[in-house]
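# Fold and contact review
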Amino acid sequence: MSNASDPRDELVQHLPAMRAFALSLARNPATADDLVQDALVKAWDNLDKFEPGSNLRAWLFTILRNTYYSMHRKRRREVEDPEGLHAASMSEKPHHDGRLAMDDFRAAFVQLTDEQREALTLVGAEGFSYEEAAATCGCAVGTIKSRVNRARARLIELMHLDDEGDVVMTDSATLAVLTDKPLA
Amino acid sequence: MEEQIDENLRRVYAQATEEEVPERFLTLLEQLRKQPRKADKTPGGGEGDAS
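Everything in this summary refers to the structure shown in the same document. (Residues numbered from 1 in each chain as written. Chains lettered and ligands numbered in written order. Predicted model: local features only at pLDDT ≥ 70, side-chain atom pairs only at ≥ 80, totals over all residues. Heavy atoms only, no water.)

A word on the nonpolar core. Among the nonpolar cores identified, the biggest contains 60 residues, and Met18, Phe61, Leu64, Ile144 and Leu155 of chain A are the most heavily contacted of them. Not counting residues up to four positions away in its chain, the partners in contact with Ile144 of chain A are Ala119, Val123, Tyr130, Ala133, Ala134, Cys137 and Cys139 of chain A. (Core = buried A, V, L, I, M, F, W, Y, C linked by side-chain atoms within 4.5 Å. Buried < 20%, exposed > 50% of the residue type's maximum accessible area, 1.4 Å probe, protein only. Contact = heavy atoms within 4.5 Å.)

Turning next to unusual backbone geometry. Even without being a glycine, Arg27 of chain A presents a positive backbone phi close to 65°. Structurally, Arg27 of chain A can be placed in the loop between helix 1 (7–26) and helix 2 (29–45). (Helix = DSSP H or I, 4+ residues; strand = E, 2+ residues; numbered from the N terminus.)

All names here are of chain A. Put simply, helix 7 (residues 130–137) and helix 8 (residues 141–158) touch, their axes get as near as 8 Å, and they point 100° apart. Taken as axis vectors, helix 7 and helix 8 run roughly perpendicular relative to one another. Of the residues in helix 8, those touching helix 7 at Tyr130, Glu131, Ala133, Ala134 and Cys137 are Val141, Ile144, Lys145 and Val148. Of the residues contributing to the contact of helix 7 with helix 8, the split by class is seven nonpolar, no polar and two charged. (Axes fitted to C-alpha atoms, helices over the stretch in contact; angles between N-to-C directions. Parallel < 35°, antiparallel > 145°, perpendicular 65-115°, else oblique. Nonpolar A, V, L, I, M, F, W, Y, C, P; charged D, E, K, R; others polar.)

Attention now moves to the pattern of salt bridges. Residue and element names in this part refer to chain A. The final tally for this structure, using the stated rule, is 12 salt bridges over all chains. Ionic pairing is found between Asp114 and Arg117, a salt bridge with its closest N-O pair at 2.7 Å. Pair noted here: Asp114 and Arg117 are both in helix 6 (residues 114–125), with a separation of three residues, about one helical turn. Note on accessibility: Asp114 and Arg117 belong to one class, buried. (Salt bridge = Lys/Arg side-chain N within 4 Å of Asp/Glu carboxyl O.)

Remember that the coordinates give geometry; whether it matters functionally is a separate question.
Dropping the structure here:
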């Protein structure tokens, strides 16, 4: 028996976070839970490769997102409810001075690209450092930063927070740089 | 504006993490535990080759 806690025993503690991260990827609760299920099996089978004492959550998240990209992602930029969500984002909304409705946020969030949702969730919601997020996503730190910035700018745009008419960061050069080809 | 984004992001995420974990995952972990271990670093485990 090892002295360190067995990662097998710790897995259950990471389930809520895994489900939340899976949901941000899959955008659909049923797919998200299937994703978590597949990732758990993979994680279990590969626990001998986990470095004891290292960041188990990041390791689990890596498996989750790899499973998403290889198995569960259907088409690029698929939106779960194109009619409803699109309509929600296109409607003219008055300025929100206070907090935004979470529904507005969700409707906008699902329209981000996979890589943007992933980066923003890891850094903004889970509190990963840029370096941890980059390691989890298998890309450069600068790439994560771009994706996070781009995700935020896009959300601001979709939710009309900056409703001056002009949109932020949409010149073709910027778009070309920020195409969402996954680096892997 | 970015604060609003982050605040909403965290609230939506918190909502997801505060949900009760469905039974299926706890059941899955139980089932996985019952499998014979492969390539365990520590010796021991009295189960024979189950497959």
